[in-house]
Amino acid sequence: MDLGSFIVSFDEVKVDVSRFFDLSHVIENGMPVYPGDPEPSVERVASLDEEGVNLTRLVMGSHVGTHIDAPIHFVEGGSSLDEIPLSTLMGEGVVLDLSYREVGTGLSWEDFEKFSSLVKEGDIVLIYTGTSDHWGEEGWDYRRFTYIEDSGAMWLLEKDVKMVGIDCMSVEKFGFSEPVVHRLLLGSGVPLIESLSKVMGELVGNRVFVICLPLKLKGVDGGPARVIACLIEQ
Ligand SMILES: [Zn+2]
């Protein structure tokens, strides 16, 4: 897609610029992380008082907070974060409400089939499961999140979507033996957005224009992203 055609299609979708939704989590010390992942450290190393400047050292895993999984995360020779084109990271999509399934269960072909008429070829599909409602909750077990089953991934590929987002720390069941869902989607060149925030619950059933901007980290398997959805006039 060249820049010219991109501008034209943005114009055609009639974005309601007064309604932008930030679907990203705040990155801070002590935030929830996928069990076993590095804990982020946000550390002030210089201050206005002492050095005349505020400066911070950031240490974090590549899959901290709201983030992108690049194909190379699980696929040999797959694209890295810096190689995912803007034409994939931005575009029209839809927010699906899968929160009728209990948190912690798997989403199958049948679960997605109900939404068949809402999903268009080339969409960015954002899946709200309600798992994000528990983000930051005292005592919550972060191994418990809704995930996509193999057949659910096949449904998304059958629909020819270009990116898939979910409000869970992973698309894959916790404790998996083989990362089948990651391999299916990333192996087909479909990057993933994981750990979207519960704000997406306000958008269910709507078509949106998604702007997803991860850090441009060279050769890296994923990275934190600011993800914004704009409601599209129906
Ligand atoms: Zn990830």
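Before going into details, it helps to say that this report is about the structure given with it. Because the structure is predicted, anything quoted here is derived from the model rather than measured.

1. A short note on the coordination of the zinc ion
On the protein side, the zinc ion has His63 (ND1), His67 (NE2), Asp69 (OD) and Glu194 (OE) as donor atoms, found 2.0 to 2.3 Å from it. Considering all four donor atoms around the zinc ion, the spread of angles at the metal, 82 to 169°, places the coordination shape in the irregular class. Expressed as a motif, the donor residue spacing for the zinc ion is H-x3-H-x1-D-x124-E. Highlighted residues: His67 in strand S4 (residues 67-69) and Glu194 in strand S10 (residues 192-194), separated in sequence by 127 residues. Looking at Glu194, the relative accessible area reads 2%, which means it is buried.

2. Remarks on the environment of Glu92
As for its position among the elements, Glu92 is in strand S5 (residues 90-97). Taking relative accessible area as the criterion, Glu92 reaches 25% and is therefore assigned partly exposed. Counting along the chain gives 116 residues from Glu92 to Val208, while the straight-line C-alpha distance between them is 5.9 Å. Among the polar contacts made by the side chain of Glu92, one reaches the side chain of Arg207 at a distance of 3.1 Å.

3. A word on the pattern of salt bridges
All chains considered together, the criterion is met by eight salt bridges. Its salt-bridge partner being Glu43, residue Arg57 comes within 3.1 Å of it at the nearest N-O pair. Of this pair, Arg57 sits in strand S3 (residues 55-59) while Glu43 sits in strand S2 (residues 41-46), and the two are 14 residues apart along the sequence. Residue Arg57 is classed as partly exposed on the basis of its relative accessible area of 44%. Linking Arg207 and Asp123 is a salt bridge whose minimum nitrogen-to-oxygen distance equals 2.7 Å. Taken together, the residues Arg207 in strand S11 (residues 207-214) and Asp123 in the loop between helix H3 (109-113) and strand S7 (124-128) connect sequence positions 84 residues apart. Within this structure, Glu92, Asp123 and Arg207 form a network of salt bridges that share partners.

4. Quick look at the nonpolar core
Counting 29 residues, the largest nonpolar core has Leu96, Phe112, Val125, Ile127, Ile148, Leu156 and Val164 as its most contacted members. Elements represented by at least two residues in this core include exactly S5, S7, helix H4 (150-158), strand S9 (163-166) and helix H5 (180-187). Setting aside its immediate chain neighbours within four residues, Val125 contacts Val94, Leu96, Val119, Leu156, Val161, Met163, Val164 and Gly165. Of all hydrophobic cores here, the second largest spans 23 residues; its members include Met163, Cys212, Val227 and Leu231.

5. Details of the side chain of Asp167
Assignment of secondary structure puts Asp167 in the loop between S9 and H5. The buried charged residue Asp167 lacks any salt bridge partner; its closest oppositely charged side chain belongs to Lys198, at an N-O distance of 10 Å. A polar contact is formed between the side chain of Asp167 and the side chain of Thr129, at a distance of 2.7 Å. A distance of 3.1 Å separates a polar atom in the side chain of Asp167 from the backbone nitrogen of Gly130. Contact partners of Asp167, with chain neighbours within four places excluded, come to Ile127, Tyr128, Thr129, Gly130, Thr131, Ser132, Ser195, Leu196 and Met200.

6. Topic: a nonpolar patch on the surface
A grouping of Ile27, Val42 and Leu58 is seen on the molecular surface, where their side chains present a nonpolar patch of about 230 Å² in accessible area. Within the secondary structure, Leu58 sits in strand S3. Residue classification places Leu58 among the exposed positions, given a relative accessible area of 56%.

7. A word on unusual backbone geometry
For Asp160, which is not a glycine, the phi torsion comes out positive at approximately 60°. Looking at the element boundaries, Asp160 is found in the loop between H4 and S9. The class for Asp160 is partly exposed, based on a relative accessible area of 43%. One non-glycine residue, Ser195, lies in positive phi territory at about 60°. By the element assignment, Ser195 lies in the loop between S10 and S11. Owing to a relative accessible area of 4%, Ser195 belongs among the buried residues under this scheme.

What counts, and where the lines are drawn
Residues numbered from 1 in each chain as written. Predicted model: local features only at pLDDT ≥ 70, side-chain atom pairs only at ≥ 80, totals over all residues. Heavy atoms only, no water. Donors = N, O, S within 2.8 Å, 3.2 Å for Na, K, Ca; no water. Tetrahedral: all angles 85-135°; square planar, octahedral: opposite > 155°, others 65-115°. Helix = DSSP H or I, 4+ residues; strand = E, 2+ residues; numbered from the N terminus. Buried < 20%, exposed > 50% of the residue type's maximum accessible area, 1.4 Å probe, protein only. Polar contact = N/O pair within 3.5 Å; in protein donor to acceptor, adjacent residues only side chain to side chain. Salt bridge = Lys/Arg side-chain N within 4 Å of Asp/Glu carboxyl O. Core = buried A, V, L, I, M, F, W, Y, C linked by side-chain atoms within 4.5 Å. Contact = heavy atoms within 4.5 Å. Lys, Arg positive; Asp, Glu negative; His and termini not counted. Patch = residues over 30% accessible without salt bridge, like charges linked within 9 Å, V, L, I, M, F, W, Y side chains within 5 Å. Areas by Shrake-Rupley, 256 points an atom, 1.4 Å probe, with all protein chains shown as cover.

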